[in-house]
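Take a look at the letters that make up each chain.
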Amino acid sequence: MTENKDEVAGLLLAAGGGRRLGGRPKALLSHRGRPLVEHAVAVLRAGGCTRVHVVLGAQSDAVRQRASLPGCVLVDNPEWEEGMGSSLRAGLDSLAGTGATAALVSLVDQPGIGREAVARVLAAYESPLSLVAAAYDGERGHPVLFGAGHWAGIAATATGDRGARAYLKAHQDAITLVECGDVAQAYDIDTEGDLIHLE
């Protein structure tokens with residue numbers, strides 16, 4: 001029996017400080033006239049996530065002031081400088097006790113991934129034991145969906161900028177890959193040269 005998709009929470013990792021962007025927080029980069037974090041939240045909602053938790057780090061006060069994020073649970077990660085792993089741990093921790101049975105994780109700096117990819121990954125959810133990832137020409141990427149049965153294991157291995165990579169590698173036989181290369185582009189906004197992708 002398929003669980004209620006409403007129990008899959010969107011988890012947006014938006015804490016990065018943009019080291020290679022001159023220290024500009026990625027959440028506040030402008031895209032279509034608004035902060036990138038607003039775009040990323042809208043994508044999660046349009047793809048089917050009704051509950052959205054946003055992990056903030058670099059200049060979190062400025063993000064709160066400038067970005068309109070109504071209805072989101074904003075999670076501060078004081079250890080954001082340690083890398084994505086700490087943000088993933090903070091985000092999963094914030095979902096404990098909410099009734100969420102899975103987290104659909106996306107990154108703020110991937111505006112080429114839209115609602116279609118989110119919806120496809122969400123549609124592959126079956127239970128709290130689900131592990132699902134978008135794939136681009138067969139290569140695993142984001143968004144990824146972690147059933148709650150995996151959260152403790154992921155949190156225990158999420159370090160530095162590797163996020164859940166080690167956990168996923170150890171459980172690759174359990175991952176359902178959902179091809180999204182026809183509806184999304186998985187580039188990151190990491191350097192000045194990448195800013196051409198923003199509108």
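**With respect to a positive patch on the surface**
Link 1 in the chain: Residues Arg140, Arg162, Arg165 and Lys169 make up a contiguous surface patch of positive charge.
Link 2 in the chain: Note that arginine 140 resides in strand S8 (residues 139–147).
Link 3 in the chain: Assessed through its relative accessible area of 35%, arginine 140 is described here as partly exposed.

**As for the pattern of salt bridges**
Link 1 in the chain: A full pass over the atoms with the stated rule returns 10 salt bridges.
Link 2 in the chain: When the shortest N-O distance is used, the salt bridge between glutamate 82 and arginine 89 registers 3.8 Å.
Link 3 in the chain: Its relative accessible area of 46% is what places glutamate 82 among the partly exposed residues.
Link 4 in the chain: Of the residues examined, arginine 89 reaches a relative accessible area of 26% and is grouped as partly exposed.
Link 5 in the chain: In this structure, aspartate 182 and arginine 120 form a salt bridge, with 2.7 Å as the shortest nitrogen-oxygen distance. Here aspartate 182, found in the segment after strand S9 (176–179), pairs with arginine 120, found in helix H4 (residues 115–123); they are 62 residues apart in sequence, far enough to count as distant.
Link 6 in the chain: Judged by its relative accessible area of 58%, aspartate 182 is exposed.
Link 7 in the chain: On the accessibility criterion, arginine 120 (30% relative accessible area) is partly exposed.

Cut-offs applied
The numbering scheme is per chain: residues are counted from 1 as the chain's sequence reads. Totals for whole chains, interfaces and linings use every residue, but because this is a predicted model, local features are given only for residues with pLDDT of at least 70 and side-chain atom pairs only at 80 or more, for both listing and counting. Hydrogens and water molecules were not included; the side-chain quantities draw on all heavy atoms of the structure. Here, patches come from residues exposed beyond 30% relative accessible area and free of salt bridges, joined within 9 Å for like charges and within 5 Å for nonpolar side chains (Val, Leu, Ile, Met, Phe, Trp, Tyr). Per-residue and other accessible areas follow the Shrake-Rupley method at a 1.4 Å probe size, with only the shown protein chains counted as cover for residues. For this analysis, a salt bridge means a side-chain nitrogen from Lys or Arg found within 4 Å of a carboxyl oxygen belonging to Asp or Glu. The positive count covers Lys and Arg only, the negative count covers Asp and Glu only, and His and the chain ends enter neither. In this description, the location of a charge corresponds to atom NZ of lysine, CZ of arginine, CG of aspartate or CD of glutamate. A run of H or I in DSSP becomes a helix once it reaches four residues, and a run of E becomes a strand once it reaches two; helices and strands are each numbered from the N terminus. Accessible area is worked out with a 1.4 Å probe on protein chains only. A residue is then buried under 20% of its type maximum, exposed over 50%, and partly exposed in between.

Any link to function would need more than the numbers given here.
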